[in-house]
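# Geometric and topological summary
Here are the chains, one letter per residue:
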Amino acid sequence: MTCRKIYGLLGYPVKHSFSPAMQNAAFSALEIDAEYRLFEVRPEELEDFLGSLAKRNIYGLNVTVPYKEKVLKFVSLDKESCYLKQIQAINTIVFQDGIWKGFNTDIAGFFRHIQENIDPANKRVAVLGAGGAARAVTYVLASQARDIFIYDIDRRKSEDIAAMIKKLFSGFEIKVVNTIEQLCLRDKDLLINATPIGMKETDPLLVKEEMLHKDLFVYDLIYNPPETKLLSLAKKVGARYANGLKMLLYQGTDSFRHWTGKEPPRDVMWQALQKELPECQR
Ligand code: NAP
């Protein structure tokens, strides 16, 4: 008899996530005896938790705030994933060939979805937020775009990302700014929200209507709600826009592939994600 393999999302706090619905639908569709759970682990318990994965029958995890950087020292990186040392953000770990390996599927997930919407080549980009997701976003865009302006309430975080990008893409222009006004959105082609601001009904709108224009593409990594205040404003000014639900799908299908070695049932996973949204918003 085989023992059910456990996968899950590690973070603190782990708020309502769409990943269990998406991954469990995939396991079920392929008749894989596995389950995806949420693991809310306090920082002081992280070390013990990571040491107890085998005992818990855990074979793979997604990793979110605040552990994307911390798990780096726990995993080995394949030759193709060595650049993640510089990016300092791992969102998927898998037990393979007797060791834990780390990957970042946000990178491919974002790359794929942004390309479905806009060709980032030579575009002028503004990024709000300089956390783990912004690391994936700026890495993708620095290989394509003309330049990136980045703003975070914590300037040091933007500076860390700028230093990382300059190291990886010498000569690429990434500018850290002190205010949202200094992002100069009227000159930009692409605005990315990589902050969590917009998830809660009470969250403020970070940009003003007069900052946006109809030739701007606005991408919000938030997927719940599917239309944040930022995206409603983009719609109002006639700009094109997208939320992060497809990015979540694509990062999830890549994680599934790492964990199972099988081709993920993408349509099943997409349907499961959509079912997580309130009916009126699908
Ligand atoms: P994170 O590591 O916490 O980064 C968010 C950054 O935004 C932090 O540096 C935060 O600063 C900053 N910030 C907060 N309020 C701000 C404000 N008013 N103005 C400017 N910066 C502000 O989170 P993350 O993992 O990067 O995730 C960011 C968002 O992307 C979340 O909503 C997450 O759900 C979403 N996401 C979506 C996908 C997807 O597949 N669609 C994948 C990954 C992430 P402080 O830390 O000082 O608050």
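Just above sits the structure.
Residues numbered from 1 in each chain as written. Predicted model: local features only at pLDDT ≥ 70, side-chain atom pairs only at ≥ 80, totals over all residues. Heavy atoms only, no water.

### Section: the packing of helix α1 (residues 19-29) against helix α8 (residues 245-260)
Contact pair α1 / α8: the axes reach a minimum separation of 11 Å and the direction vectors enclose 45°. As summarised for this structure, α1 and α8 are arranged oblique, according to the angle between their axes. As for how α1 packs across α8, the hand of that crossing is right-handed. Contacts from S19, M22, Q23, A26 and F27 in α1 reach L248, L249, Q251, G252, S255, F256, W259 and T260 in α8. (Axes fitted to C-alpha atoms, helices over the stretch in contact; angles between N-to-C directions. Helix = DSSP H or I, 4+ residues; strand = E, 2+ residues; numbered from the N terminus. Parallel < 35°, antiparallel > 145°, perpendicular 65-115°, else oblique. Left-handed = near helix turned anticlockwise from the far one by under 90°. Contact = heavy atoms within 4.5 Å.)

### Some details on the site of the ligand
In the neighbourhood of the ligand, 24 residues make up the surrounding shell, with A133, D152, K157, L221 and G244 lying closest. Contacts to the ligand include L248, whose backbone N or O atom sits 3.2 Å from an oxygen atom. Contributions of two or more residues to the shell around the ligand are made by α5 (132-142) and α8. Here the shell around the ligand is composed, by residue class, of 15 nonpolar, five polar and four charged. (Near = heavy atom within 4 Å. Polar contact = N/O pair within 3.5 Å; in protein donor to acceptor, adjacent residues only side chain to side chain. Nonpolar A, V, L, I, M, F, W, Y, C, P; charged D, E, K, R; others polar.)

### Some details on α8
For α8, which comprises 16 residues, the first-to-last C-alpha distance of 22 Å matches the rise-based estimate of 22 Å (1.5 Å per residue) to within 8%. α8 sits mainly inside the fold: 12 of its 16 residues count as buried. The set of residues buried in α8 consists of L245, M247, L248, L249, Y250, Q251, G252, T253, D254, S255, F256 and W259. Just downstream of α8 lies G261, where phi reads positive at about 70°. (Expected span 1.5 Å × (residues − 1). Buried < 20%, exposed > 50% of the residue type's maximum accessible area, 1.4 Å probe, protein only.)

### Things to note about the packing of aromatic side chains
The final tally for this structure, using the stated rule, is 12 aromatic pairs. Considering the side-chain rings of Y36 and W259, the 5.9 Å spacing of their centres and the 45° angle between planes classify their relative orientation as tilted. One end of the pair, Y36, is in strand β2 (residues 34-40); the other, W259, is in helix α8, with 223 residues separating them in the sequence. Considered together, Y36 and W259 belong to a single accessibility category, that of buried residues. Summarising the aromatic geometry, the rings of F95 and W100 are spaced 5.3 Å apart at their centres and angled 50° between planes, so their arrangement reads as tilted. On the basis of relative accessibility, which here comes to 36%, the residue F95 falls in the partly exposed class. (Phe/Tyr/Trp six-rings, centres within 6.5 Å; stacked < 30°, edge-to-face > 60°.)

### Description of a negative patch on the surface
A surface patch of like charges, here negative, comprises E44, E45, E47 and D48. Along the chain, E44 falls in the loop between β2 and α2 (46-51). (Patch = residues over 30% accessible without salt bridge, like charges linked within 9 Å, V, L, I, M, F, W, Y side chains within 5 Å. Areas by Shrake-Rupley, 256 points an atom, 1.4 Å probe, with all protein chains shown as cover. Salt bridge = Lys/Arg side-chain N within 4 Å of Asp/Glu carboxyl O. Lys, Arg positive; Asp, Glu negative; His and termini not counted. Charge placed at Lys NZ, Arg CZ, Asp CG, Glu CD.)

### A short note on the layout of surface pockets
Reported here for the second largest pocket is a volume of approximately 150 Å³. Lining the second largest pocket we find G198, M199, K200, E201, D203, P225, E227, T228 and K229. (1 Å grid on protein atoms, 1.4 Å probe; cavity = no way out; pocket = protein on both sides within 12 Å on 5 of 7 lines; lining within 4 Å. Points joined across faces, edges and corners; volume = space filled by probe spheres on them.)

### Looking at empty space enclosed by the protein
Applying the stated criterion to the full structure yields one cavity of 30 Å³ or more. Lining the largest cavity are L128, N193, I197, G198, D203, P204, L205, L206, V207, T228, K229 and L230. Considering only residue class, the lining of the largest cavity consists of seven nonpolar, three polar and two charged.

### A short note on the packing of helix α4 (residues 105-117) against α8
In contact at an axis separation of 8 Å, α4 and α8 are set at 140° when each is read in the N-to-C sense. Accordingly, the angle class assigned to the pair α4 and α8 is oblique. Here the hand of the crossing between α4 and α8 comes out right-handed. Contacts from T105, D106, A108, G109, F110, R112, H113 and E116 of α4 reach α8 at K246, M247, Y250, Q251, D254, S255 and H258. Of the residues assigned to the contact of α4 with α8, the class counts are four nonpolar, six polar and five charged.

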